[in-house]
Amino acid sequence: MSQDDLNIKGKPLFGKDNNPSNILPQKLTLKSRIKFRCHPGVRCFTACCGGIKIILTPYDILQLTRRLNIPAHEFLQQYTLPTYLEKTDMPGVMIKLREEDNKCPFVTPQGCTVYTDRPTACRYYPVGMADFHEGGTRDEKGEELPSAEDKFFFVVKEDHCKGFEEDKEWTIEEWRKDQGVDVRDEMNKEWLRLVMRRKSFGLQATLSEQAKRMFFMASTDLAHFRRFIFESSFLDTYVLDEETIDRIKNDDVELMLFSFRYLASTLFGVQNLKIREEKIRAKVEEIKKRQDESVLQSVREYEEMKAERERQ
């Protein structure tokens, strides 16, 4: 696999959009060892927090809004800019860098002010992950089949970074655990899978504007998504058990995970939510009525054309 392939498929969500020559051409596993340490005593401390594209996952947004104690819509307006995910038409957000120094708004000379709740991309650095588990294969019943993961890791080594000169050595697995990446990966897994599935369709397919708005809402603003569930006809359309309803009503993480199920169902037809039978029947009747009206209109147009010819 070429370095260009690594840069395109592995970096945008968990790395920097810099020259791909910064990626060391080695495929690493969880047991691979790296020598790296970052701390305030390193000469380049916080240098990696500027000139960077930090894509935020839904879990990143949830944790940062909790940390800052502000609603999601305020956080999005104040701290983010819109972007597209993984070179698709799926809308997302990235951190809005400060105009005066092109650095993350949460970084100071003393370090990150939201360090314990920092985004996933920041936690990974200088390790990157390439994950080609795109999914989308289904059985004869239309249910998605699990596919084997094709995942590996790599190191981004930039000239300015002096962390590689430190004497601390870890395995990739130890680094991920120390940085809290393993937890983030579990939280982000199904959302990233949606992005990868969309990417696998290529540019020949596009999402409708309604689908884009739904994806953006569910991915960035859980309060808005909760209102959508409980203040619309959602519960009249989908069959949800009382336990699930209680969880998504009171637990933001459960609501976030449920939003991934909903998006997989509505955007890609994954059969993980059950629609009420009466709604299906009503939809069938609606389609049948439209078809009947179309047939009748065609008959009327044919009769009119036939009568016109006979007159002529």
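Below, the structure is looked at part by part.

## Description of the overall build of the protein
Each helix and strand counted, the protein has 12 helices and 10 strands in total. Going through the 312 residues of the protein one by one, you find that 44% of them count as buried. Summarising the internal contacts of the protein: among those between residues at least 6 apart in sequence, 71% fall at separations of at least 24.

## Considerations on the nonpolar core
Membership of the largest hydrophobic core comes to 38 residues, with the highest contact counts inside it found for F215, F225, F258, Y262 and L263. Those elements that provide at least two residues to this core are helix 2 (58-68), helix 6 (181-201), helix 7 (209-220), helix 8 (222-230), helix 10 (242-250) and helix 11 (252-268). Broken down by element, this core gets its largest block of residues, 10 residues, from helix 11. Counting residues in hydrophobic clusters, the runner-up holds 20 residues, among them I34, V155, I172 and V181.

## Description of unusual backbone geometry
Residue P126 is reached from Y125 by a cis peptide bond, and omega for that bond is 10°. The phi torsion at K87 lies on the positive side, around 55°, for a residue other than glycine. Structurally, K87 is set in the loop between strand 2 (80-84) and strand 3 (91-95). With relative accessibility at 62%, the residue K87 sits in the exposed group.

## With respect to the pattern of salt bridges
As a working rule, side chains carrying opposite charge can pair if their charged atoms are close by. Applying the stated rule across the entire model yields 16 salt bridges. We note a salt bridge from R33 to E169, for which the minimum N-O separation is 3.1 Å. Taken together, the residues span a long stretch of sequence, with R33 in strand 1 (residues 33-35) and E169 in strand 8 (residues 169-171) at a distance of 136 residues. Residue R98 is joined to E100 by a salt bridge in which the shortest nitrogen-to-oxygen separation is 3.9 Å. Residue E100 is classed as exposed on the basis of its relative accessible area of 65%. One network of salt bridges, in which partners are shared, links R98, E100 and D101.

## Considerations on helix 5 (residues 172-179)
Think of an α-helix as 3.6 residues a turn; residues three or four steps apart then line up on the same face. Where helix 5 is concerned, the buried positions are I172, W175, R176 and Q179. All buried residues of helix 5 project into a common sector of 100° when viewed along the axis, lining one side. In the segment just after helix 5, G180 is the residue with positive phi, at about 75°.

## Considerations on the pairing of strand 3
The buried fraction of strand 3 amounts to five of the five residues, a majority that puts the element mostly inside the structure. Judged from the five bridges that link them, strand 2 and strand 3 form a sheet pairing that is antiparallel. Within strand 3, the residue paired with L81 across the bridge is M94. Counted along the chain from strand 2 to the antiparallel partner strand 3, the turn is six residues long, and its residue E86 has a positive phi close to 50°.

## Looking at the packing of aromatic side chains
To describe a pair of aromatic rings, one takes the distance between the centres and the angle between the planes. Counting across every chain of the model gives 14 aromatic pairs. Look at F228 and Y262: their rings are 5.8 Å apart centre to centre, the planes differ by 55°, and that puts the pair in the tilted class. Note that F228 is positioned in helix 8 and Y262 in helix 11, a separation of 34 residues in sequence. Classification of F228 as partly exposed rests on a relative accessible area of 23%. Looking at Y262, the relative accessible area reads 7%, which means it is buried. Summarising the aromatic geometry, the rings of F234 and F258 are spaced 6.1 Å apart at their centres and angled 75° between planes, so their arrangement reads as edge-to-face. Of this pair, F234 sits in helix 9 (residues 234-237) while F258 sits in helix 11, and the two are 24 residues apart along the sequence. Summarising the burial analysis for this pair, F234 and F258 share the class buried. The structure contains a cluster of three or more aromatic residues connected by ring pairs, namely F225, F228, F234, Y238, F258 and Y262. A cation sits over an aromatic face here: R118 above Y115, 3.8 Å from the ring centre. One cation-aromatic arrangement involves K168 over W170; the distance from NZ or CZ to the ring centre is 4.8 Å.

Conventions used here
- Residues numbered from 1 in each chain as written.
- Predicted model: local features only at pLDDT ≥ 70, side-chain atom pairs only at ≥ 80, totals over all residues.
- Heavy atoms only, no water.
- Helix = DSSP H or I, 4+ residues; strand = E, 2+ residues; numbered from the N terminus.
- Buried < 20%, exposed > 50% of the residue type's maximum accessible area, 1.4 Å probe, protein only.
- Contact = heavy atoms within 4.5 Å.
- Core = buried A, V, L, I, M, F, W, Y, C linked by side-chain atoms within 4.5 Å.
- Salt bridge = Lys/Arg side-chain N within 4 Å of Asp/Glu carboxyl O.
- Arc of directions from axis to C-beta.
- Pairing = 2+ DSSP bridges.
- Phe/Tyr/Trp six-rings, centres within 6.5 Å; stacked < 30°, edge-to-face > 60°.
- Lys NZ or Arg CZ within 6 Å of the ring centre and 35° of its normal.

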